[in-house]
Each structure stands twice: as structure tokens, then as C-alpha cells.
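Below are the chains, spelled out letter by letter.
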Amino acid sequence: MKFRLPFLLGGLAVATTQLAFAQGGSMRVPKTVEAGSAFSIQSTGSGQATLYIIGPAQVLKRNVQLGETTTFPAGSLYNAGRYLVVLTAAGASTESDSFDVVPATQPAKLSFLAKPSRLPVSLHDGITGAVYVFDPYGNLIAAPTPVSFELSSPAGTVQKRVVVTKDGAAWTGMDSTAQQGIDKFAARVGDVSSMRVVEQVPGDPCALKMSARQSGQQLQLATDPVRDCNGNAVPDGTIVTFTESYRGGQSTVDVPLKRGVAEVEMPVHSGATISVASGVVMGNQIGWEK
Amino acid sequence: MFKPLLILSATLAASAYGGAQASVRVEPLTLQGPRPLQEQTRAAVIRDYLQSWQSFSAALDQNRPALLDADFVGTAKEKLADTIQQQAALGVRTHYQDISHDLQIVFYSPEGLSIELTDNVEYNVQVIDHDKVTATQRVSAHYVVVLTPAEVSWRVRVFQAVPE
């Protein structure tokens, strides 16, 4: 974008970085400046003037000598955005132009959101990660940038995905692995990485099985060690429900797993049917005759 | 669910200067990410983003960083607050008046904790140095904006113009 008002300035720009200059104006302004880089603005004419560089993210003001190059050292402008350049001479008209400060190309920080922090094993796309890539000045790097996602389990299995950012963002989904434990979920761009921990816990009980033994007027019921379908021990405290159905009644007892098994005593009823379940998972049934 | 093109008058974008309203156009969704975006969420994000232009404009016009609190957070808020400090130190104020927005929501993160949109925006900038208007200029820019949910609204966390 180019704005010109009657105040005539001119001259040559002296670039301190590789800059492309807008053409045709008497004030010469770079089209783009990389965040944190040095740059210069040249005017023509004579006398004193005030130079403003105005943006939502930064504002600079300099008293300048018309006809000279105004150099801004590295670090002067570091926030990406579009900047308006205004040059005003005392008692005279104003000239304006604009240019973009673009993010530095080198990533310096990743904003990495990983969810959930805890989930059951063997869930397809159960873990998601989203990344925003920033430069050293906190500018979002909007240019396409490859992000490497890596989920590694304690058993050594590694899932990898490389996703190229679009508008500075990238995301991926990962499967939770078959083994319980603490997984490391990392996102990496070049030398910059960010890591999150994802705890994988056993899934629902699988092949829930109990046995029964009579002891006097009581039935001693006990499950086998309760495991999920991948062989991971279901955690103690998980509720197992024993149900005894008999002529004229039904008894139900909820028992937490202790040392991997659930045990309970229930009264003996001839012809009873005893079943076991945990959550929505049904186990075996036992029919009991005296 | 979404109309191909939505053109509306942004009542929330009413200018404090003369009551002019920015025109707002919302492009169809071309969303990356697995999470579906509900219409209610989409409307809230657009509403809150347009509102942020009002607080941004007022804050830089009055050099009052506190006016950013309701609509900005994180990096965006820090950078705008720094600009206000710079302006105040230089005796400068700027008035930004948005004229039109062409919005597109481009990313909804899988866990629902961020939404990214782009905005081809036109606005006027007025530069005021020690209460004297130095320049008024119309600017076109392509903004990339990231919003994150707060208690009752979405707040702008990244607010950055990039070359198209």
C-alpha cells in the first residue's frame, strides 16, 4: 500500500538487511522487515521532520533530518504486524506509507496443548495435540512449518507424525498404546520442543471370571485377578458387583477390588444363580444347588 | 448448518466516532481439526472478536491499558499494553476505526481450548500527537487471530497482521 501527499521527499534507501523496497515514492520504506532486524527509511528534501512508525503492536517516533537515512538498529521493531509510516515536516504537509514486520523465521517457542492427561489404553485417536509456533519475540509464525509429534511409551513403542502448520497451527491425533504407564508426548520444530505427560490407565475389565466355594451357610465368591483385554491389571478400588438371584429374591453386593481381586460371602440359596459384573462388563454365571 | 456466506452489520463494531458500523462478512468454514464447531460457539467467537476491536480502539485512543482487560489476554494483551505505554511516553494517541471485516474461522483445536480466525480488515488509523491530528490513513491488513475461552467469553490471545 502506498500513500503520497504533496510533501516531496526522495532519495535512496540504505538497507541493513535484505529488504525489498516499495517503488515510486519519495519516502522509501521497506516492504517487509523481519522482526528484530535492522532497517532504514530514507527521505529527501531538507529541514527537520518527525517520523512516526505506528502499529497496534509498537509505536516509534524519531526527529529526523530530511534527505538523510534514518536507521533503526536491530531490535527496534520486533512485533509482527502492519505499520504505518508517517513523515511530517514542521508547518508542511505529511507523507505516509506502510510496511509489514514479519515474524522471525527461527521458531523459539511452541504452545502445545495435549489432551487428555489420563486415558484408558488402546483408544484410537484418543490423544490429541495442537501446536502454535512462535518466534523469539512471541510472534505467531504463520508460514508453513513442519511440526513433528512423537508419542513414546515406557515399553519403547513410538508413534510419529509430521504435520505442517497452517496459519501457524498444527494438530494431530494419536492412539493410546496397549500398555498402561506414563507416555511422553512431544512436539518438535527444529531444535525447539515441548513435552507433555499422558498417563495411560487400564481399560475396562475383560473376561471377568469368578469361582464359588461353600463354607457352612455361606458361599465364598472370588474373582480371578481382574485385567483388561491387554492384560493390564485393573486398579484396586474398581467396583465389582455380585448378584445372587434365587426363588423369591435377589441380593446384590458391590465390592471394590483389593490386590486385584474381589471377594465376598453371600448366603447359600439352593437353585440360586450368581453373576458378576464390573460396570457394563458382564462376567460368568454360576448356578448353585445344595 | 452454515450458510455459505453471511453478511451482517456489526452492531458491536459500532464506532465510538460518529457511530459508524463496520460491515462484517463471514466466510464459509474451511476448518482444520476434528472438533465440530457449533453455531453458538461460532457466533460467540465472532461477537467477542468484533467487540475486541472496540476495546482495542478505545484503549489506544485513550492510552488506557485497562480497557483491554475484558477482551484480550496473554501475548496480545501484553503487546497492546506495551504499545499504549510507548504512545503515552511519546505523547501520541492513535485512533483505529474498523470499516470492514472479512472473517474466516480456520482452526478449532481438538480439545476446544483455542479458535483461530483470519480477518481481512480495513480500518482507518488516526495519529494524534499532543492533541494534534498528524495523519489519517486507511489501511488494509490480513490478521491472524487466536482466541481462547475465558469465564463467559472468548478473549483474543494472538492478534497479528501478516502479509497476505
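Below or above, wherever it landed, is the structure these notes cover. (Residues numbered from 1 in each chain as written. Chains lettered and ligands numbered in written order. Predicted model: local features only at pLDDT ≥ 70, side-chain atom pairs only at ≥ 80, totals over all residues.)

## Topic: the overall build of chain A
And step 1. Per the secondary structure count, chain A includes zero helices and 24 strands.
And step 2. Computed over C-alpha atoms, the radius of gyration of chain A comes to 35 Å, more than 25% over the 19 Å expected from 2.2 N^0.38 for 290 residues, which places it beyond the range of a compact globule.
And step 3. With the principal axes as the frame, chain A shows a C-alpha extent of 115 × 35 × 25 Å.
And step 4. Out of the 290 residues belonging to chain A, those deemed buried represent 39%.
And step 5. Look at the contacts in chain A between residues 6 or more apart in sequence, and 57% of them connect residues 24 or more apart. (Helix = DSSP H or I, 4+ residues; strand = E, 2+ residues; numbered from the N terminus. Rg over C-alpha atoms; globule rule 2.2 N^0.38 Å. Buried ≥ 20, exposed ≤ 12 C-beta atoms within 10 Å, placed from the backbone. Contact = placed C-beta atoms within 7 Å.)

## Description of the sheet that holds strand β12 (residues 158–164) of chain A
All names here are of chain A.
And step 1. Spatial strand order, β9-β15-β14-β11-β12: five strands in an open sheet with mixed pairing. The open sheet has two edge strands, β9 (118–120) and β12, and neither has a second partner. Geometrically, the sheet is characterised by an average inter-axis angle of 25 degrees between neighbouring strands, direction not taken into account.
And step 2. Here strand β11 (residues 146–152) runs beside strand β14 (residues 181–189); their pairing, made up of five bridges, is antiparallel. The residue of β14 that forms the bridge with F149 is A187. (Pairing = 2+ DSSP bridges. Axes fitted to C-alpha atoms, helices over the stretch in contact; angles between N-to-C directions.)

## Considering the interface of chain B and chain A
And step 1. Counting residues at the interface gives 37 residues for chain B and 37 residues for chain A.
And step 2. Sorting the residues of the side of chain B that touches chain A by element identifies α1 (39–62), α2 (74–90), β3 (92–108), β4 (115–129), β5 (132–149) and β6 (154–162) of chain B as the ones contributing at least two each.
And step 3. At eight residues, β5(B) tops the list of elements feeding residues into the side of chain B that touches chain A.
And step 4. Here the residues of the side of chain B that touches chain A sort into 21 nonpolar, 13 polar and three charged. (Nonpolar A, V, L, I, M, F, W, Y, C, P; charged D, E, K, R; others polar.)

## A few points about unusual backbone geometry
And step 1. Of the consecutive residues K115(A) and P116(A), the connecting peptide bond is found in the cis state with omega at -10 degrees.
And step 2. Following the sequence through the fold, P116(A) ends up in the loop between β8 (109–115) and β9.
And step 3. Positive phi, normally seen in glycine, also occurs at N63(B), with a value near 55 degrees.
And step 4. Within the fold, N63(B) resides in the loop between α1 and α2.
And step 5. A tally of 18 C-beta atoms within 10 Å means that N63(B) is categorised as partly exposed.
And step 6. Even without being a glycine, D131(B) presents a positive backbone phi close to 65 degrees.

## Things to note about the sheet that holds strand β17 (residues 210–215) of chain A
Residues and elements named next belong to chain A.
And step 1. Pairing is antiparallel across the open sheet formed by three strands, whose spatial order is β17-β18-β22. Of all strands in the sheet, those with a lone pairing partner are β17 and β22 (263–267), marking the two edges. Neighbouring strand axes in the sheet, compared pairwise and without regard to direction, differ in orientation by 25 degrees on average.
And step 2. Sheet topology places β17 next to strand β18 (residues 218–223); six bridges connect them, and they run antiparallel. Across the sheet, S215 pairs through a bridge with Q218, a residue of β18.

## Topic: α2(B)
And step 1. Over its 17 residues, α2(B) extends 25 Å from the first C-alpha to the last, a length consistent with the 24 Å expected when each residue adds 1.5 Å.
And step 2. Among the residues making up α2(B), those that are buried are T75(B), A76(B), K77(B), K79(B), L80(B), T83(B), I84(B) and Q87(B).
And step 3. For α2(B), the secondary structure elements touched by its buried residues are β4 (59–65) of chain A together with α1, β3 and β6 of chain B.
And step 4. Two residues or fewer past α2(B), G91(B) is found with a positive phi of approximately 75 degrees. (Expected span 1.5 Å × (residues − 1).)

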